[in-house]
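Coordinate inspection notes
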Amino acid sequence: MVFFFFEYKPDTIIDLKVAQCVVTDRIHFQNERSYPVLCDIRGIVATKKSGRDYLAQSGSILTKAVGLIVHEKVLLTISTFYLQISKPSVPTQIFTEEDDALAYLKGFII
Amino acid sequence: MKKTHDDERIVAIHQMLFEMARCNFNCQIPLSSNDDELERLVVLINMVAEEIKESIFHVGYVNPHRTYQFIAQTTFVLDSSFLIKSFTPEVTYFLGYSEVELIDQPLAGIVTTASLQQLQNVLDTSISLPRTIALDFKPKEHLPVSVSCSIGKLVNSSEIILNLVTPARQDSYSPLAYENINEKHNKTRKADALLTQKLYDYILAHLEDPLPSLKVLASKFGTNDRKLKDGFRQFFKTSIYQFYNDERLKRAYFMIEHTTIPLKNISVMNGFNNYSNFSKSFKKRFGFSPYEMKRNETGFTSLPEG
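First things first, this report covers the structure right here in the doc. (Residues numbered from 1 in each chain as written. Chains lettered and ligands numbered in written order. Predicted model: local features only at pLDDT ≥ 70, side-chain atom pairs only at ≥ 80, totals over all residues. Heavy atoms only, no water.)

**Some words on the overall build of chain B**
How we decide: In this text, helices come from DSSP runs of H or I with a minimum length of four residues, and strands from runs of E with a minimum of two, each type numbered from the N-terminal end. Here, two residues are considered to be in contact whenever any of their heavy atoms come within 4.5 Å of each other. Here the open area of atoms and residues is found with the Shrake-Rupley method and a 1.4 Å probe, where only the protein chains shown may cover a residue.
In terms of regular secondary structure, chain B is built from eleven helices and five strands. A separation threshold of at least 6 residues defines the contact pool for chain B, and within that pool the share at least 24 residues apart is 55%. Entry remark: accessible area of chain B is about 16,800 Å², with carbon and sulfur atoms responsible for 55%.

This is the structure in structure tokens:
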């Protein structure tokens, strides 16, 4: 496996609890290895500050880079806010096309 | 029909902005299922309000990327001659004194003379209790902190109780670090705040590497080491190294708890040059060594259905 794919369930609200589950589940799945992560966040409908902050910091463990897939204007605003204000500690970019995201993440495979 | 709906949303935005102007950041504009420019503005305003509420009003123009989850109620019990008879455990974190240094000691040792006088006045005059006044506490290692305290009496007892409220950072790994919102701000230039924020974010983003020397950091941020050091301490009440070390130890704790990565590797992944330093530092911070921690190998936490 070269990439790690992650997809949120529909109508997810990212609060602290959800963010913690997401990070610990991902780490268990990854089995100690670091990957570039493709994160399909189209299921997210809202976020809380505590959740954003948690993902930006603890969410970086065992990730090399993150590509976020969005489809709606509102989600673009939420994810732009996350990048600029919560400041994830690994390279993170927003994409509308999965292929573009994969091309970006390829640059992080060593 | 669409127009009426938009009008309602615009009214809600106006209301929210007025609330924010009144320094009420607790409201949120209701979300709709629309995916349009107006909805983008709504989510943006909501998130901005949340950031302002959690950041600026707690540490003063620096965003710690953390959430204050709850308020801790802190209480002192004094006898009629102002000897400290008892207190809630939070007091030791708040003031930095140990229990032994406080129990049966005069309150005069931890508040300023003026505050003690004020307290005496409240109790002497026949003002109805409880009553709230600001007392200046003298923490062990920091500058005096002004805190609003409610002064009251217990039923059927001559003892006096002091109640104060301290906001607490939510921190799942350690005793809570208490900070006081009433702490007097020094005059701070906005530039210093921006510089300190940059350094703070830089440290968080580089926990896996050893911390560069103060000189190297200073040149990286185009300033001198004194300014960098003092600015950081002023905003975060801790040294640059202590903050870095604390954050990487918490990260290491998280990794030990949630992964099966060998401890030696975890130590390297969090910027430690050798395992013995890591182990010592870890034990000092958490009270037990890394190998004494129970490791979670049982699989997954379940995501709530959503």
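**Points about the sheet that holds strand β3 (residues 35-40) of chain A**
All names here are of chain A. As a reminder of what qualifies: When DSSP finds at least two bridges between two strands, those strands are taken to pair. Note on definitions: angles span 0 to 180 degrees between N-to-C directions of axes, and those axes are lines fitted to C-alpha atoms, for helices only across the stretch in contact.
The four strands are arranged β1-β3-β5-β6 in an open sheet whose pairing can be described as parallel. The open sheet has two edge strands, β1 (4-7) and β6 (92-95), and neither has a second partner. The average angle at which neighbouring strand axes cross in this sheet is 20 degrees, direction not considered. Note that β3 and strand β5 (residues 63-69) share six bridges and pair parallel. The partner of Val 37 across the bridge, within β5, is Val 66. Along the sheet face, helix α3 (residues 73-86) touches β5 and β6 and points at about 165 degrees away from the line of β6.

**Some points on the interface of chain B and chain A**
Applied cut-off: Summed over both partners, the accessible area (1.4 Å probe) lost when two parts come together is defined as the buried area. In the sections that follow, a salt bridge refers to a side-chain nitrogen of Lys or Arg positioned within 4 Å of a carboxyl oxygen of Asp or Glu. Whenever a nitrogen or oxygen atom comes within 3.5 Å of another N or O atom, the pair is scored as a polar contact, on the condition that within protein one atom can donate a hydrogen and the other can accept it, and that pairs from neighbouring residues in sequence are kept only if both atoms are in side chains. As a working rule, the residues Ala, Val, Leu, Ile, Met, Phe, Trp, Tyr, Cys and Pro are called nonpolar, Asp, Glu, Lys and Arg charged, and the rest polar, with Gly in that last group.
Between chain B and chain A, the contact holds 44 residues from the first and 38 residues from the second. Summing both sides of the interface, chain B and chain A together bury roughly 3,600 Å²; the carbon and sulfur share of this comes to 60%. Here chain B and chain A share five salt bridges between them. Our enumeration of links across chain B and chain A arrives at nine residue pairs in polar contact (both at pLDDT 80 or more). Taken together, the elements giving at least two residues each to the side of chain B that touches chain A come down to α2 (37-54), α6 (190-205) and α9 (240-258) of chain B. With ten residues, the top contributor of residues to the side of chain B that touches chain A is α2(B). Its residues assigned to classes, the side of chain B that touches chain A comprises 16 nonpolar, 16 polar and twelve charged.

**Let's talk about the packing of aromatic side chains**
Residue and element names in this part refer to chain B. Heads up, the rule is: Only centres within 6.5 Å qualify two rings of Phe, Tyr or Trp (six-membered ring in Trp) as a pair; their planes then separate them into stacked at under 30 degrees, edge-to-face at over 60, and tilted for everything else. In our convention, an over-ring charge means Lys NZ or Arg CZ found within 6 Å of a ring centre and within 35 degrees of that ring's normal.
Per the stated rule, a full pass over the model turns up 23 aromatic pairs over all chains. Within the aromatic cluster, the residues linked to one another by ring pairs are Tyr 253, Phe 272, Tyr 275, Phe 278, Phe 282, Phe 286 and Phe 288. Directly above the aromatic system of Phe 272 lies the positively charged group of Arg 248, at a separation of 3.5 Å from the ring centroid.

**Examining the packing of helix α1 (residues 16-30) of chain A against helix α2 (residues 49-57) of chain A**
Residues and elements named next belong to chain A. The test is simple: Here the angle decides the label: under 35 degrees means roughly parallel, over 145 means roughly antiparallel, 65 to 115 means roughly perpendicular, and every other value means oblique. Crossing chirality is assigned from the near helix's rotation relative to the far helix, an anticlockwise turn below a right angle marking it left-handed and a clockwise turn marking it right-handed.
Remark: α1 packs on α2, axes separated minimally by 7 Å, with the N-to-C direction vectors making an angle of 25 degrees. With respect to their mutual orientation, α1 and α2 come out roughly parallel. The element α1 and its partner α2 pack so that their crossing is right-handed. Facing Leu 16, Ala 19, Gln 20, Val 22 and Val 23 of α1, the residues of α2 in contact are Ser 50, Gly 51, Tyr 54 and Leu 55. Tallied by class, the residues present in the contact of α1 with α2 amount to six nonpolar, three polar and no charged.

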